[in-house]
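Report on the structure
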Amino acid sequence: MKCQHCERPATFHITELTEPTGPHIVHLCEEHARIYLSQGSEPPAPNTLAGILAKQLQLDQTAEQLAKQDKKTCPVCGITFAEFRKVGRLGCAYDYECFKEELEQLLVNVHGSRHHQGKRPSRHVAPPDRQQELIQLRRQMQEAISREEYERAGEIRDRIRQLEEDQEQAD
Amino acid sequence: MKLEELAGKCGQWLKGSGPESDIVISTRIRLARNLADFPFVRRASDDEKVQIVKMLRGRIAKLPQWEQTAFWDVEELEELDRQFLVERQLMSRELADSDGDRAVVIDPQERFSLMINEEDHLRIQVICSGLDLESAWEQINALDDALESKLSYAFHEQFGYLTACPTNVGTGLRVSVMLHLPALVITREIEKVFRSLQKINVAVRGLYGEGSQFMGDFYQISNQVTLGRSEQELMDTVREVVPRIVEYERRARFFLLKESEQDLHDEVSRAFGILCTAKKISSEETLHYLSKVRMGVNLGLIRSVDILTINKLFVHTQPAHIQKLRGKHLSVADRNIERASYLQSHLTPKRDSEEG
Ligand SMILES: [Zn+2]
Ligand SMILES: [Zn+2]
């Protein structure tokens, strides 16, 4: 029997007793089994997530809408929705705003809910625009350095320091 | 603290002392947290990852509870040491294998650890011996509060704590209870038991040894969702399910004792005999027999060794541990020889010195 992810023989046969689908067996080579099992107690997220997303998107969108949605880009970290779909990992906290509509449906499918219950940070949560500005400024500084615009990089660095200090004082 | 020091000791959670610890090995809780002012790890530049580690290290050092902790830069650890920390359950395989600046912070008693730049900026973990959700939650909640007082977490009014993967968002909480269920495996009741738990929001997963052989006696129960229910509600689902499984396992053990005590006694004694006398033994084979011996000790069928020793051997006989304990790199064949001699020295009664 071959590994489910490559051409090598499957030497690991893993029984997953995941509810509600019931037990199913996964056949893997040593390398893929190691990757698979290293996920520990985590659900095998990227695959199932991609699967859920694909199903969800096919159900209520035309190919045109999908293509358009895939091009949606986060202004803070630069990730596109297509990239998120591929890897199953978001790029920054702002993605939850930027892709809110798509994510809400996904969260309902995964968790059966779209609203957090439970713990929240006890002190004030810093305003999100301030945080995003920091992320963006750090990126701009890197870009300036790579273009050897050191004066510009220095200016941005000063601005970053200012923001970081404000934040620490607010703490 | 040096890793060699850690190798000889054993974590608090292996003591085998918590509630139901004949069947429940450990209760583990982890919280996923991210910093508000950096992109998530996968999207962060090398430079940003360096800044994240540096900043977190500096802030953590100011916290009183964290004075005793040891900090390891994972990139600087050699592969054997990384494997060692993975076997020890102090860091994940994913953190060991990824790249860029990343770190692990460890409590010397191994009650908690912190991973920096794994999938999320922060993964806080607490492990307790036996079934002890209250104590695990109390500890991790306090650690989280202390960290939060120095950091600004990415938190969203509607979605809660924001995580790189939407499957962890909300509470960021994963509770995992590890169970030893050999009698349910022998009586072939295990799948039936898990099927009877259908519709309950928990994930069940078997644990496996190093090689290709299925290591079927250990199972992990964890909450499936993280959003839409409070931490207490999520823990309640696990808290309700585990005692029922424990009860099934107890009944299966009782059944085996009643119906076929000789067969059972024979099986665990043979397993014990192999572990005490083998001259070379793989880690899979070791796990397989240790599992039987563990049940034998719990049922009073084997009396010359205690449960703490057996619990320790599960960890200490794994490949990286054997090499750290012997203080050198060993080939697979040499490991098998060293493992056999290590087992013998801990399972045969002639010496009672406290050696590792
Ligand atoms: Zn493969
Ligand atoms: Zn983003």
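Residues numbered from 1 in each chain as written. Chains lettered and ligands numbered in written order. Predicted model: local features only at pLDDT ≥ 70, side-chain atom pairs only at ≥ 80, totals over all residues. Heavy atoms only, no water.

1. Re the coordination of the zinc ion (ligand 2)
Reference geometry at the metal: tetrahedral coordination by four donors gives ideal angles of 109.5 degrees; octahedral coordination by six donors gives 90 or 180 degrees. Residue and element names in this part refer to chain A. Applicable threshold: The donor definition counts N, O and S atoms within 2.8 Å of each metal and applies 3.2 Å to Na, K and Ca; water is not among these atoms, so some sites may look incomplete. Any coordination sphere not matching a tetrahedral pattern (four donors, all angles between 85 and 135 degrees) or a square planar or octahedral pattern (four or six donors, opposite donors over 155 degrees apart, other angles between 65 and 115) is reported as irregular. Only DSSP runs of H or I with at least four residues qualify as helices, and only runs of E with at least two residues qualify as strands; both kinds are numbered from the N terminus onward.
Of the protein atoms, only Cys-74 (SG), Cys-77 (SG), Cys-92 (SG) and Asp-95 (OD) coordinate the zinc ion (ligand 2), at distances of 1.9 to 2.3 Å. Classification of the site at the zinc ion (ligand 2) rests on its 4 donor atoms, whose angles at the metal span 95 to 119°, yielding the label tetrahedral. Mapping the donors of the zinc ion (ligand 2) onto the primary sequence gives the spacing C-x2-C-x14-C-x2-D. With a gap of 15 residues between them, Cys-77 in the loop between helix H3 (63–71) and helix H4 (81–87) and Cys-92 in the loop between H4 and helix H5 (95–98) connect regions that are remote in the sequence.

2. Examining the domain arrangement of chain A
Interfaces are often described in size by the accessible area the parts lose on coming together. Residues and elements named next belong to chain A. What counts is decided by this rule: Note that the domain bounds reflect an automated or database-derived domain assignment. Note on contacts: a residue pair is in contact if any heavy atoms of the two residues lie within 4.5 Å. Reported buried area values correspond to the accessible surface (1.4 Å probe) lost by two parts on association, with both partners' losses combined. Criterion for a salt bridge: a side-chain nitrogen of Lys or Arg within 4 Å of a carboxyl oxygen of Asp or Glu. Think of a polar contact as two N or O atoms within 3.5 Å of one another; within protein, one of them needs to be a possible hydrogen donor and the other a possible acceptor, and neighboring residues in sequence only count if both atoms come from side chains.
In terms of domains, chain A is made up of domain 1 (1–61), domain 2 (70–115) and domain 3 (130–170). Across the contact, 8 residues belong to domain 1 and 11 residues belong to domain 2. Of the roughly 810 Å² buried where domain 1 meets domain 2, counting both sides, 73% is carbon and sulfur surface. By the criterion of area lost to domain 2, the three top residues of domain 1 are Leu-49, Leu-53 and Gln-56, representing 54% of everything that side buries. Along the contact surface separating domain 1 from domain 2 lie 0 salt bridges. Viewed at the interface, domain 2 and domain 1 are joined by 0 residue pairs in polar contact (both at pLDDT 80 or more).

3. Topic: the environment of Leu-134 of chain A
Assignment of secondary structure puts Leu-134 of chain A in helix H7 (residues 128–146). Sequence separation between Leu-134 of chain A and Val-76 of chain A is 58 residues; the distance between their C-alpha atoms is 9.5 Å. Ignoring anything within four residues of it in the chain, the contact list for Leu-134 of chain A reads Ile-160, Leu-163, Glu-164 and Gln-167 of chain A together with Asp-37 of chain B.

4. Some points on helix H5 (residues 133–148) of chain B
The condition that has to hold: Between the first and last residue of a helix there are one fewer steps than residues, each counted as 1.5 Å, and that sum is the expected span. A simple rule labels every residue: compare its accessible area, found with a 1.4 Å probe on the protein chains alone, to the largest value its type can have, and call it buried under 20%, exposed over 50%, or partly exposed in between.
Over its 16 residues, H5 of chain B extends 22 Å from the first C-alpha to the last, a length consistent with the 22 Å expected when each residue adds 1.5 Å. Listed in full, the buried residues belonging to H5 of chain B are Leu-133, Ala-136, Trp-137, Ile-140, Leu-143, Asp-144, Ala-146, Leu-147 and Glu-148 of chain B.

5. Observations concerning the pairing of strand S5 (residues 122–129) of chain B
All names here are of chain B. Filter applied, for reference: What makes two strands pair is DSSP finding at least two bridges between them.
The buried fraction of S5 amounts to 8 of the 8 residues, a majority that puts the element mostly inside the structure. Neither face of S5 is open: one carries Leu-122, Ile-124, Val-126 and Cys-128, the other Arg-123, Gln-125, Ile-127 and Ser-129, and all of them are buried. Sheet topology note: the strand S1 (residues 24–33)/S5 ladder contains 8 bridges and is antiparallel. Looking at S5, one finds that Arg-30 is bridged to Gln-125. Sheet topology places strand S4 (residues 112–116) next to S5; 5 bridges connect them, and they run antiparallel. By the bridge assignment, Ile-116 is partnered in S5 with Leu-122.

6. Digging into the packing of aromatic side chains
Rules: When the centres of two rings from Phe, Tyr and Trp lie within 6.5 Å, Trp using its six-membered ring, the rings pair. Their planes under 30 degrees apart give stacked, over 60 give edge-to-face, and anything left gives tilted. Comment: the charge-over-ring label is applied if NZ (Lys) or CZ (Arg) is within 6 Å of the ring centre and within 35 degrees of the ring normal.
Across all of its chains, the model carries 7 aromatic pairs over all chains by this definition. Lying over the aromatic face of Phe-71 of chain B, Arg-57 of chain B brings its terminal NZ or CZ to 3.7 Å of the ring centre.

7. Thoughts on the domain arrangement of chain B
Residue and element names in this part refer to chain B. Worth spelling out the cut-off: Under the scheme applied here, ten amino acids are nonpolar (Ala, Val, Leu, Ile, Met, Phe, Trp, Tyr, Cys and Pro), four are charged (Asp, Glu, Lys and Arg), and all others, including Gly, are polar.
Under the domain assignment used here, chain B contains domain 1 (3–249) and domain 2 (251–353). Just the C-alpha atoms count here: the centres of domain 1 and domain 2 sit 27 Å apart. Taken together, the 37 residues of domain 1 in the interface contact 29 residues of domain 2. Between domain 1 and domain 2 we count 4 salt bridges in total. Of the charged contacts, one joins Arg-251 and Glu-247 as a salt bridge, the two residues approaching to 3.7 Å between their closest N and O atoms. Seen at the junction of domain 1 and domain 2, the total is 21 residue pairs in polar contact (both at pLDDT 80 or more). Only helix H1 (3–8), helix H3 (79–87), helix H6 (182–186) and helix H8 (231–277) provide two or more residues apiece to the side of domain 1 that touches domain 2. When residues in the side of domain 1 that touches domain 2 are grouped by element, the largest group, 5 residues, is from H3. The residue inventory of the side of domain 1 that touches domain 2, partitioned by class, reads 15 nonpolar, 10 polar and 12 charged.

8. Description of the confidence of the model for chain B
Residue and element names in this part refer to chain B. Here is the rule: The quantity known as pLDDT measures the predictor's confidence residue by residue, on a range of 0 to 100.
Averaged over all residues, the pLDDT of chain B is 89; the fraction at 70 or higher stands at 93%. Counting interchain partners and residues more than four positions distant, the pLDDT-below-50 stretch residues 208–214 has 21 contacts. Both scores are available for the predicted complex, with the pTM at 0.84 and the ipTM at 0.86.

9. With respect to unusual backbone geometry
Residues and elements named next belong to chain B. Positive phi, close to 65°, is recorded for Asn-117, a residue that is not glycine. Turning to its location among the elements, Asn-117 is positioned in the loop between S4 and S5. Given a relative accessible area of 3%, Asn-117 falls into the buried group. Within the chain, Arg-188 stands out as a residue other than glycine whose phi angle is a positive 55°. One can find Arg-188 in the loop between H6 and helix H7 (190–196). Note on Arg-188: relative accessible area 74%, which makes it exposed.

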